[in-house]
Amino acid sequence: MKLAVMQIYVVNLRKNPAHLMSKIIVRKLSEAEIEYRKIHAWPIWEKETSRFPYIYDADEECLIIDGEVVVETSEGQYIIKAGDFVVFKDGLDCIWDIKSPIRKYYNFP
């Protein structure tokens, strides 16, 4: 089972290699991928509606549980909602504009 999930993950990356250059990667994970990555065991971060700048000093991956945020970058704006799996790359300089209170599982791989 674990091998099959990993193969799906690798195939999904190959379908859209252009996103590998982006500082933000947003996609949906299957339940099998969520289980394989043990995301439900990751810590949870919560934040109320607010707006603030943030610079990432390491890669972060997260799964949005609730809420909505618009992340503003030099590449454009990203609307991120519940169910989205997001990778924020090291060095990303952005503004978080939380539209509704956010809860996310997060990990620094």
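Structure shown above.
Residues numbered from 1 in each chain as written. Predicted model: local features only at pLDDT ≥ 70, side-chain atom pairs only at ≥ 80, totals over all residues. Heavy atoms only, no water.

## Focus: the overall build of the chain
Put simply, the rule reads: Each helix is a run of DSSP H or I of at least 4 residues and each strand a run of E of at least 2, with the numbering of both proceeding from the N terminus. A 1.4 Å probe rolled over the protein chains alone gives each residue an accessible area, and that area as a share of the maximum for its type sets the label: buried under 20%, exposed over 50%, partly exposed in between. In short, Shrake-Rupley with a 1.4 Å probe defines the accessible areas, and a residue's cover is counted only from the protein chains shown.
The number of helices and strands found in the chain is 2 helices and 7 strands. Taken from the N to the C terminus, the helices and strands of the chain come in the order α-β-α-β-β-β-β-β-β. Considering the chain as a whole, with its 109 residues, one finds that 38% of them fall into the buried category. Counting every atom, the chain has about 6,600 Å² of accessible surface; 57% of that belongs to carbon and sulfur.

## What about the nonpolar core?
Quick note on the threshold: Throughout this description, the term nonpolar core refers to a set of buried Ala, Val, Leu, Ile, Met, Phe, Trp, Tyr and Cys residues connected via side-chain atoms within 4.5 Å. Here, two residues are considered to be in contact whenever any of their heavy atoms come within 4.5 Å of each other.
Membership of the largest hydrophobic core comes to 16 residues, with the highest contact counts inside it found for Ile24, Val69, Val71, Ile80, Phe88 and Trp96. Counting residues per element, the ones that place at least two in this core are β4 (60–73), β5 (76–81), β6 (85–88) and β7 (93–107). For Phe88, the contacting residues outside a window of four places in its chain are Lys23, Ile24, Tyr56, Ala58, Asp59, Glu60, Cys62, Val71, Ile80 and Trp96. In terms of nonpolar packing, the next biggest core, distinct from the first, is built from 9 residues, Ile25, Phe85, Val87 and Tyr105 among them.

## Observations concerning unusual backbone geometry
Here Lys38, not a glycine, exhibits a phi torsion of approximately 55°, which is positive. Checked against the element boundaries, Lys38 lands in the loop between α2 (31–37) and β2 (44–47). Judged by its relative accessible area of 53%, Lys38 is exposed.

## Examining the environment of Ile34
Checked against the element boundaries, Ile34 lands in helix α2. With 51 residues separating them in the primary sequence, Ile34 and Phe85 have C-alpha atoms 9.5 Å apart.

## A look at the pattern of salt bridges
Under the convention used in this document: Each reported salt bridge corresponds to a side-chain nitrogen of Lys or Arg within 4 Å of a carboxyl oxygen of Asp or Glu.
For the structure on display, the rule yields 11 salt bridges. Here Arg37 ties to Glu61 by a salt bridge, and the two come within 3.2 Å at their closest N and O atoms. Note that Arg37 is positioned in helix α2 and Glu61 in strand β4, a separation of 24 residues in sequence. The burial state of Arg37 is the same as that of Glu61; both residues are buried. One salt bridge in this structure joins Lys89 and Asp59, with 3.6 Å as the shortest N-O distance. One end of the pair, Lys89, is in the loop between β6 and β7; the other, Asp59, is in the loop between β3 (50–55) and β4, with 30 residues separating them in the sequence.

## Points about the environment of Val71
Structurally, Val71 is set in strand β4. Considered as a pair, Val71 and Ile98 are 27 residues apart in the sequence and their alpha carbons are 8.3 Å apart.

## Things to note about the environment of Tyr78
Note the following rule: Under the rule applied, a polar contact is a pair of N or O atoms within 3.5 Å (in protein, one hydrogen donor and one hydrogen acceptor; residues adjacent in sequence only if both atoms are side-chain atoms).
Note that Tyr78 resides in strand β5. Through-space distance from the C-alpha of Tyr78 to that of Val26 is 8.5 Å; in sequence the pair is 52 residues apart. Aside from chain neighbours lying at most four places away, what touches Tyr78 is Ser22, Ile24, Val26, Val69, Val70, Val71 and Thr73. There is a polar contact of 3.3 Å between the side chain of Tyr78 and the side chain of Ser22.

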